[in-house]
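Analysis of the macromolecular model
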Amino acid sequence: MQIHTTTTRQAYLDWLRILAIFGVLVFHSAMPFGAELEWHIRNKETSNLFLEMILWMHLFRMPLLFFISGTVSYFMLQHRTGGGFIGLRVRRLLIPVILGILVIVPPQIYLERVTQGFKGNFWQFYSQMFTTGAYPKGNLSWHHLWFVAYLLIYDILFAPLFVWIVSDKGAAFRNALQWLEKGKRVYLLTVPGIMLYAALARQFHETNDLVHDYCYFFYWLSFLLPGFLCMAQPTLMNSLERNRRTSFLVALASIVAINYFRWNNVEPWNVLTNWKQDPRTYMYIALSAICAWGWVLTAIGYGKKYLDKPHRSLNYLNQAVYPFYILHQTIIVILAYYVVQTSDTIGTKYLFIVITTFILSMGIFHLLIKPYPVCRFLFGMKPLAKKEKKQQQEQRATTEEGILLPVS
């Protein structure tokens, strides 16, 4: 049976990516206020409700971004060779990581060190940054840009496989994927990630440092690869749309189960004598991965059903989300450093950080990044199209002409 591959961008995936990045803003803005957490800047008073929101969002926010990133990699391979794909990913991902390490992230680390007792100014801190080693013991880090670094590594490592899948040689494999479209078989795509997480998450905690992230490096990959496959075989996306209610039921039931165990202090390590060897421990750990997949596939299924609608704002927002992601956490940390020193309520502080970070991030993008080729390059954006360049030149000429005209 011949398949029909998808070669044009899907609006619902773009909307989901935009919503996911906004979700990251909501998530990181809450970090100073969630009880029982460690973060760069912490408020004196904390909230258990913020903790619950953070724990819930942490289950699926990055899995959703990696799944969508897998679909993006598929589209980038259309009309490109493997070498062209890798070159594009290096330019779009590596350059912003370097910019982040050298420019974007250091203010975050500096303010954290100030709260820990560092007395010097930023430039004194920066001059020592490269001799202290890697964060958290040292001061050199990519912080929230770990996601971009991991994505770059995944795309380089799997470029040969991706190229093969989309090529004529991979047609039989793409056709074979249609077997997963029937009934609930599409959920078999989740099994490797769930099993891997259950087996490794207890022993190897999330580090985001690439070299010691023995569980999560492969766990994130278990979302990216199905995202690519579901785009290479579009009937799988149709299956996710058709099964969206099942996905939502799984997501809801699993988060209720997790919180029942947590809130009643009956997690395996609290009630089982030999919990490290007890199979029930790993069944409970697997619930987190099941829950993550449930929310990811719920978002994909309902998104495909209700968000597959282009809008004139979509192109602008698509350009904005990547620079927004690069900028947002540094702005949050700077704001939080000063906000936590005030006597306002937690809710007021949180809303101030969310709203102000959004305005500043979008303002910097619109005024300082989007119009300038060098800034677009540094933030991983596409070069200005000729039409867009001409429009900007005309606008600039009109503005300059208007400045020279006398006021009547």
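Scroll up to find the structure this text is about.
Structurally, a disulfide amounts to a covalent bond that connects the sulfur atoms of two cysteines. If you walk through the whole model with that rule in mind, you get zero disulfides. Summary of cysteine pairing: cysteine 230 is not part of a disulfide, and the nearest cysteine sulfur, belonging to cysteine 291, is at 19 Å. Note on cysteine 230: relative accessible area 1%, which makes it buried.

Moving on to the pattern of salt bridges. Inspection of every chain in the model, using the stated rule, returns six salt bridges. With its nearest N and O atoms 2.9 Å apart, the salt bridge here joins glutamate 52 to arginine 262. You can see glutamate 52 sitting in helix α2 (residues 48-76) and its partner arginine 262 sitting in helix α11 (residues 244-263), a full 210 residues away along the chain. Residues aspartate 155 and arginine 89 are paired through a salt bridge, measuring 2.7 Å at the closest nitrogen-oxygen approach. Within this pair, whereas aspartate 155 is found in helix α6 (residues 146-166), its partner arginine 89 is found in helix α3 (residues 82-104), the two being separated by 66 residues in sequence. Aspartate 155 sits in the buried class, given a relative accessible area of 1%. We classify arginine 89 as buried; its relative accessible area is 4%. A single salt-bridge network, built from bridges that share partners, covers Glu181, Lys182 and Arg242.

Together, Leu94, Ile98, Leu102, Val103, Phe130 and Leu140 line one region of the surface with nonpolar side chains, adding up to about 460 Å² of accessible area. Looking at the secondary structure, you find valine 103 in helix α3.

As enumerated under the stated definition, the model contains 50 aromatic pairs in all. For the pair tryptophan 56 and tryptophan 295, a centre-to-centre distance of 5.5 Å together with 85° between the ring planes defines the contact as edge-to-face. In this pair, tryptophan 56 is assigned in helix α2 and tryptophan 295 in helix α13 (residues 279-306), connecting sequence segments 239 residues apart. Given a relative accessible area of 14%, tryptophan 295 falls into the buried group.

Below, the discussion takes up α2. An ideal rise of 1.5 Å per residue puts 42 Å on 29 residues; α2 measures up with 42 Å between its terminal C-alpha atoms. At histidine 58, α2 is bent by approximately 35°, the largest bend along its length. For α2, the buried fraction is high: 22 of the 29 residues fall into the buried class. Here α2 starts with a cap whose side-chain oxygen sits 3.2 Å from the backbone nitrogen of leucine 49, and that cap is serine 47.

This part takes up unusual backbone geometry. Proline 136 follows tyrosine 135 through a cis peptide bond whose omega is 10°. Residue position: proline 136 is located in the loop between α5 (122-129) and α6. Located in the positive-phi region is histidine 79, a residue other than glycine, with phi close to 65°. With respect to the helices, strands and loops of the structure, histidine 79 is situated in the loop between α2 and α3. Given a relative accessible area of 80%, histidine 79 falls into the exposed group.

Take the side chain of serine 29 next. Mapped onto the secondary structure, serine 29 falls in helix α1 (residues 11-30). Judged by relative accessible area, serine 29 falls into the buried class, the value being 0%. Polar side-chain contacts of serine 29 include one of 2.8 Å to the backbone oxygen of leucine 25. In this view, serine 29 contacts Ile332, Tyr350, Ile353 and Val354; residues no more than four positions away in its chain are not counted.

What counts and what doesn't
Residues numbered from 1 in each chain as written. Predicted model: local features only at pLDDT ≥ 70, side-chain atom pairs only at ≥ 80, totals over all residues. Heavy atoms only, no water. Disulfide = S-S within 2.5 Å. Buried < 20%, exposed > 50% of the residue type's maximum accessible area, 1.4 Å probe, protein only. Salt bridge = Lys/Arg side-chain N within 4 Å of Asp/Glu carboxyl O. Helix = DSSP H or I, 4+ residues; strand = E, 2+ residues; numbered from the N terminus. Patch = residues over 30% accessible without salt bridge, like charges linked within 9 Å, V, L, I, M, F, W, Y side chains within 5 Å. Areas by Shrake-Rupley, 256 points an atom, 1.4 Å probe, with all protein chains shown as cover. Phe/Tyr/Trp six-rings, centres within 6.5 Å; stacked < 30°, edge-to-face > 60°. Expected span 1.5 Å × (residues − 1). Bend = angle between axes of the 7 residues up to and from the residue. Polar contact = N/O pair within 3.5 Å; in protein donor to acceptor, adjacent residues only side chain to side chain. Contact = heavy atoms within 4.5 Å.

Keep in mind that these numbers describe shape and distance, not what the molecule does.
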